[in-house]
Amino acid sequence: MTINKYLFFSVGILFNQITIAGTFTETFQGTPKLNINLYAFAADIDGSINKGRIKYDVDQSFEETIKHLDRSYMAHVDLRQGAWGIYTDLQNVETSQEKNVMNLPIALSTQLKQNNYGIYYQAYISPELTSEKEPRLVIEPTIGIHRIKVEATLTVLNQYLETDTKWNEFFWGSRFKYNTNTPWNLASELTFGAENTLSAQAYLGYRIPIFDRALNLRAGYRYLEQDYRSNNFHWDIRQHGPVIGINLPIF
């Protein structure tokens, strides 16, 4: 299925379910729910950063990133009312390093901010419930905006590159949740960006009851591919690796 067909399929499900639901306001019935997910993305990174005549090939493991990490934070916030929800996913990673490549001294510092702002609709909720009164399967088409900001400085001998580039990118896709009769659960997400971005992630979760809430410990894998061009700047980067986190239901 092509990306355009996938978009029309997802949007078609969304509006079809709204029609079936009756009036638009009925889809907002229910108590609001707020969840915060704190996580760590242990990404291996490969690709290239190209500006003008200077090209820097990236091939860095997560262990190397940790060695040169200055600061980082990652969080996902989800607010749902009825069948509708909004969310934001925030990532900020700053690194700096000095090394030799083919006997040439290289100094590199980067700051990468990747923020996602999206809206989703629970287009399908399985009528079958688990022992925890959760629906067995939930499908949530989603659309939103990627906001990416890259700040990088690269020095090679007497050549100096400094770039401060940011761009917005529309994305679409779908999220999937599957609950079992045990504390184990599954979740995944697949989205496509208008600027050749592909994001795929899948998680295995385990719910732990604490007082009147259930914390969800999650572990999984994430793949992110970006290929953005603007004037003489080319950002061609792939990030992939395991993800661990904890989901905190606030209310």
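Structural notes, computed from the coordinates.

A few words on the overall build of the chain. The number of helices and strands found in the chain is two helices and 13 strands. Burial status across the chain gives 42% buried among its 251 residues. Pairs at least 24 apart in sequence give 59% of the contacts found in the chain among residues at least 6 apart. Of the roughly 14,100 Å² that the chain leaves accessible, carbon and sulfur atoms contribute 59%.

Membership of the largest hydrophobic core comes to 13 residues, with the highest contact counts inside it found for Ile49, Val150, Trp167, Phe233 and Trp235. When residues of this core are traced back to their parent elements, those giving at least two are strand S3 (54–60), strand S8 (137–156) and strand S13 (233–249). Apart from residues lying up to four places away in sequence, phenylalanine 233 is in contact with Ile49, Asn50, Lys51, Thr163, Thr165, Trp167 and Tyr228. Membership of the second largest hydrophobic core comes to seven residues, among which are Tyr39, Met74, Val93 and Tyr203.

So, about the packing of aromatic side chains. Evaluation of the coordinates by the stated rule reveals six aromatic pairs. Seen in terms of ring centroids, tryptophan 84 and tyrosine 121 are 4.7 Å apart; in terms of plane orientation they differ by 55 degrees. Their pairing is tilted. Within this pair, whereas tryptophan 84 is found in strand S5 (residues 84–101), its partner tyrosine 121 is found in strand S6 (residues 104–121), the two being separated by 37 residues in sequence. Assigned by exposure class, tryptophan 84 and tyrosine 121 land together as buried. Ring-pair connections join several aromatic residues into one group, and the members of that group are Phe28, Trp84 and Tyr121.

Moving on: the pattern of salt bridges. Applying the stated criterion across every chain, the model contains eight salt bridges. In this structure, the salt-bridge partner of arginine 238 is aspartate 236, at a minimum N-O distance of 3.2 Å. Exposure remark for arginine 238: the relative accessible area of 22% places this residue in the partly exposed category. When salt bridges with common partners are traced through the structure, they connect Asp78, Glu140, Arg175 and Lys177 into a single cluster.

This part is about the environment of alanine 40. Its location among the elements puts alanine 40 in strand S1 (residues 33–41). Owing to a relative accessible area of 38%, alanine 40 belongs among the partly exposed residues under this scheme. Leaving out residues up to four positions away in the same chain, alanine 40 has contacts with Met74, Pro242, Val243 and Ile244.

Structurally, the position occupied by threonine 88 is in strand S5. Of the residues examined, threonine 88 reaches a relative accessible area of 17% and is grouped as buried. In terms of polar contacts, threonine 88 uses its side chain to reach the backbone carbonyl oxygen of asparagine 116, at 3.2 Å. Residue contacts for threonine 88: discarding those within four places in its chain leaves Ala75, His76, Val77, Asn116 and Tyr117.

Okay, the layout of surface pockets next. Looking at the second largest pocket, its volume works out to about 500 Å³. Ile45, Gln60, Thr65, Val93 and Thr95 are the residues nearest the centre of the second largest pocket, which is lined by 27 residues in total. Of all the secondary-structure elements, those providing two or more residues to the lining of the second largest pocket are S1, strand S2 (44–51), S3, helix H2 (62–67), strand S4 (69–81), S5, S6 and S13. Class assignment for the residues of the lining of the second largest pocket results in 18 nonpolar, nine polar and no charged.

Calculation criteria
Residues numbered from 1 in each chain as written. Predicted model: local features only at pLDDT ≥ 70, side-chain atom pairs only at ≥ 80, totals over all residues. Heavy atoms only, no water. Helix = DSSP H or I, 4+ residues; strand = E, 2+ residues; numbered from the N terminus. Buried < 20%, exposed > 50% of the residue type's maximum accessible area, 1.4 Å probe, protein only. Contact = heavy atoms within 4.5 Å. Areas by Shrake-Rupley, 256 points an atom, 1.4 Å probe, with all protein chains shown as cover. Core = buried A, V, L, I, M, F, W, Y, C linked by side-chain atoms within 4.5 Å. Phe/Tyr/Trp six-rings, centres within 6.5 Å; stacked < 30°, edge-to-face > 60°. Salt bridge = Lys/Arg side-chain N within 4 Å of Asp/Glu carboxyl O. Polar contact = N/O pair within 3.5 Å; in protein donor to acceptor, adjacent residues only side chain to side chain. 1 Å grid on protein atoms, 1.4 Å probe; cavity = no way out; pocket = protein on both sides within 12 Å on 5 of 7 lines; lining within 4 Å. Points joined across faces, edges and corners; volume = space filled by probe spheres on them. Nonpolar A, V, L, I, M, F, W, Y, C, P; charged D, E, K, R; others polar.

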